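# Coordinate inspection notes
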Amino acid sequence: MKLRTILHLDLDTFYVSVERLIDSSLQKKPLLVGGVSDRGVVAACSYETRAFGIHSGMSMKIARELCPEATIIKGNAGTYSKYSDLVTDIIKDKVPVFEKSSIDEFYADLSGMDKFFGAYKYASELRQTIISETGLPISLGFAQNKIVSKVATNEAKPNNQLKIDFGTEKPFLAPLSIKKIPMVGDKTFQTLRNLGIRQVKTVQDMPVDVMKRVLGVNGLTIWKRANGIDNTPVISFSERKSISTERTFDRDTIDIHKLRNILVAMTENLSYQLRRGNKLSACIAVKIRYSDFNTYSKQIKVPYTSADHILIPKILELFEKLYQKRLLVRLIGIRFSHLVTGNYQINLFEDNEKQLNLYKALDHIRNQYGDRSVIRAVAMGSKTIGRMQNPFNGQPPIVLAHRKQ
């Protein structure tokens with residue numbers, strides 16, 4: 001098998017680093033980025049807060065209790081996109097094949113480059129270029145495959161780099177906690193702990209059949225990763241299969257008019273995203289989470305469309321079937337799936353030319369002035385509905401703590 005050279009790059013505490021770049025007074029201070037209300041979630045936390053047991057995905061209320069002196073910032077998806085794009089442009093300029101796996105994480109395939117110059121030296125220079133041109137700290141892992149390079153990056157942090165030579169993958173991984181293997185979440189980690197497995201070396205020494213019996217197909221994958229085996233290619237583009245949006249309320253609500261209006265705003269916005277990406281959807285879904293955290297969803301197939309005047313009534317109809325009256329609602333969301341490439345002309349049989357021209361005109365305004373520049377009157381109260389970027393531009397979606405309504 002041909003020897004590969006894979007580089008992994010990860011922007012350290014990305015949202016925190018961007019906020020510190022904007023405001024230098026935040027340097028070396030405990031900092032939390034995410035939803036600022038009690039219902040908010042920590043999207044990112046500085047290293048200073050981790051000593052208090054804080055981690056991303058934690059309730060902001062709990063994080064605030066653990067570290068009262070922390071500065072809390074709501075965060076801005078548009079700002080983070082801008083800095084992510086700066087880094088992306090540098091990498092795109094410097095490497096032949098790269099994959100953007102999230103807003104702050106990249107893989108690059110440097111295979112064959114050693115014939116002309118040192119690939120690791122080149123990777124090191126790329127990292128320094130990113131730091132000097134953007135001001136953002138970034139860590140680097142260098143190995144023969146994606147899994148080992150990613151683990152190496154995590155071991156190198158913060159703001160450092162680590163090379164794992166060919167043939168040393170297993171010894172490098174062996175002393176690490178099994179939780180450091182990508183794909184081992186809290187539930188899987190607990191299962192493995194119950195079996196007395198804490199270190200990667202234990203899995204390396206186990207027969208693969210035992211892991212498969214305990215964890216099924218996932219057991220095989222984890223065994224391979226623990227042994228440094230990974231043939232996953234660096235993929236420069238991933239086609240998106242669905243788009244969705246949801247809102248968590250600061251206060252649980254039973255206001256039916258408010259819920260309907262937000263659903264209209266969501267549908268209007270996602271429909272525009274479909275048209276902007278030249279996509280059509282054939283399956284729509286509504287999700288409701290009540291104050292007792294019970295969550296329900298319902299979906300239906302629809303003719304391929306990207307027209308909000310067709311989708312809005314369908315979404316509201318789903319909501320009426322799903323909604324249990326007199327129960328307080330904590331969260332609502334919608335999802336469009338079964339996406340295909342196609343344009344709005346597919347609706348020509350249902351709509352008149354005036355309707356088609358109206359969509360073209362409205363979308364033209366939105367393209368120029370933003371998602372919220374023209375909206376239905378009922379959606380005017382839903383101020384947080386809207387996206388900063390085209391979800392079909394090949395970039396991964398931005399993951400932030402839920403914005404509040």
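Described below are features of the structure shown in this document. (Residues numbered from 1 in each chain as written. Predicted model: local features only at pLDDT ≥ 70, side-chain atom pairs only at ≥ 80, totals over all residues. Heavy atoms only, no water.)

### Things to note about the nonpolar core
Cut-off, in case you're wondering: Residues belong to one nonpolar core when they are buried, are Ala, Val, Leu, Ile, Met, Phe, Trp, Tyr or Cys, and are joined through side-chain atoms within 4.5 Å. The rule is simple: take the accessible area with a 1.4 Å probe, protein chains only, and divide by the maximum for that residue type; under 20% is buried, over 50% is exposed, in between is partly exposed. The way it works is that DSSP assigns letters per residue, a run of H or I at least four long becomes a helix, a run of E at least two long becomes a strand, and they are numbered from the N terminus. Whether two residues touch is decided by their heavy atoms; if any such pair falls within 4.5 Å, the residues are in contact.
Core analysis: the largest hydrophobic core is formed by 33 residues, its most contacted members being L7, L9, F14, Y15, I91, L110 and I130. Secondary structure elements with two or more residues in this core: β1 (6-11), α1 (14-22), β2 (31-34), β3 (42-45), α4 (77-94), β6 (105-109), α5 (119-134) and β7 (138-143). If you tally residues by element for this core, the top one is α4, at five residues. Not counting residues up to four positions away in its chain, the partners in contact with F14 are Y80, Y83, S84, I103, D104 and L136. Of all hydrophobic cores here, the second largest spans 25 residues; its members include I243, L263, M266 and L322.

### Some points on the environment of K179
Looking at the secondary structure, you find K179 in the loop between α7 (169-173) and α8 (186-194). Along the sequence, K179 and V200 sit 21 residues apart, while their C-alpha atoms lie 8.5 Å from each other. Not counting chain neighbours up to four residues away, the residues in contact with K179 comprise V184, D186 and F189.

### Here's the deal with the sheet that holds β6
Just so we agree on the cut-off: Two strands qualify as a pair provided that DSSP identifies no fewer than 2 bridges between them. Every axis corresponds to a line fitted to the C-alpha atoms, with the helix fit spanning only the stretch in contact, and the corresponding angles, defined between N-to-C directions, vary from 0 to 180 degrees.
One open sheet holds the five strands; their spatial order is β5-β6-β1-β7-β8, and the pairing between them is mixed. Edge strands, defined here as strands with exactly one partner in the open sheet, are β5 (97-102) and β8 (161-163). The sheet shows a mean angle of 15° between the axes of neighbouring strands, taken without regard to direction. Summarising the sheet, β1 and β7 pair through six bridges and their orientation is antiparallel. Bridge pairing in β7 links L9 to L140. Strands β1, β5 and β6 of the sheet are contacted by α4, whose axis makes an angle of about 160° with β5.

### Points about the sheet that holds β3
The three strands lie next to each other as β3-β2-β4, forming an open sheet whose pairing is mixed. Edge positions in the sheet fall to β3 and β4 (71-73), since each has one partner strand and no second. Geometrically, the sheet is characterised by an average inter-axis angle of 25° between neighbouring strands, direction not taken into account. Taken together, the three bridges between β2 and β4 define a ladder with parallel strand orientation. Residue pairing across strands places V33 opposite I73, the latter belonging to β4.

### Structural notes on the pairing of β2
Side chains of β2 alternate between two faces, with L31 and V33 and L32 and G34 buried alike. As paired strands, β2 and β3 are joined by three bridges and run antiparallel to one another. Across the sheet, L32 pairs through a bridge with C45, a residue of β3.

### Concerning the packing of helix α10 (residues 208-215) against helix α11 (residues 217-226)
Heads up, the rule is: Angle categories: roughly parallel below 35 degrees, roughly antiparallel above 145, roughly perpendicular from 65 to 115, and oblique for all the rest. If you view the pair so one helix is near and one far, a crossing is left-handed when the near helix is turned anticlockwise from the far one by less than a right angle, and right-handed when it is turned clockwise. Amino acids are sorted into nonpolar (Ala, Val, Leu, Ile, Met, Phe, Trp, Tyr, Cys and Pro), charged (Asp, Glu, Lys and Arg) and polar (every other residue, Gly among them).
For the pair α10 and α11, interaxial distance at closest approach is 6 Å and the crossing angle is 140°. Between α10 and α11, the angle falls in the class oblique. In this structure, α10 crosses over α11, and the sense of that crossing is right-handed. Where α10 approaches α11, its residues V208, M211, K212 and L215 are matched on the opposing element by V217, N218, G219, L220, I222 and W223. Its residues assigned to classes, the contact of α10 with α11 shows seven nonpolar, two polar and one charged.

### Thoughts on the side chain of N145
Note the cut-off: Residues adjacent in sequence count toward polar contacts only when both atoms are side-chain atoms; beyond that, a polar contact is any pair of N or O atoms within 3.5 Å, and within protein one must be able to donate a hydrogen and the other to accept it.
Note that N145 resides in the loop between β7 and α6 (146-156). Side-chain polar atoms of N145 contact the backbone nitrogen of V148, separated by 2.9 Å. Of the polar contacts made by the side chain of N145, one reaches the backbone oxygen of G228; its length is 2.8 Å. Excluding its chain neighbours within four sequence positions, the residues that come into contact with N145 are R4, I6, G228, I229 and D230.

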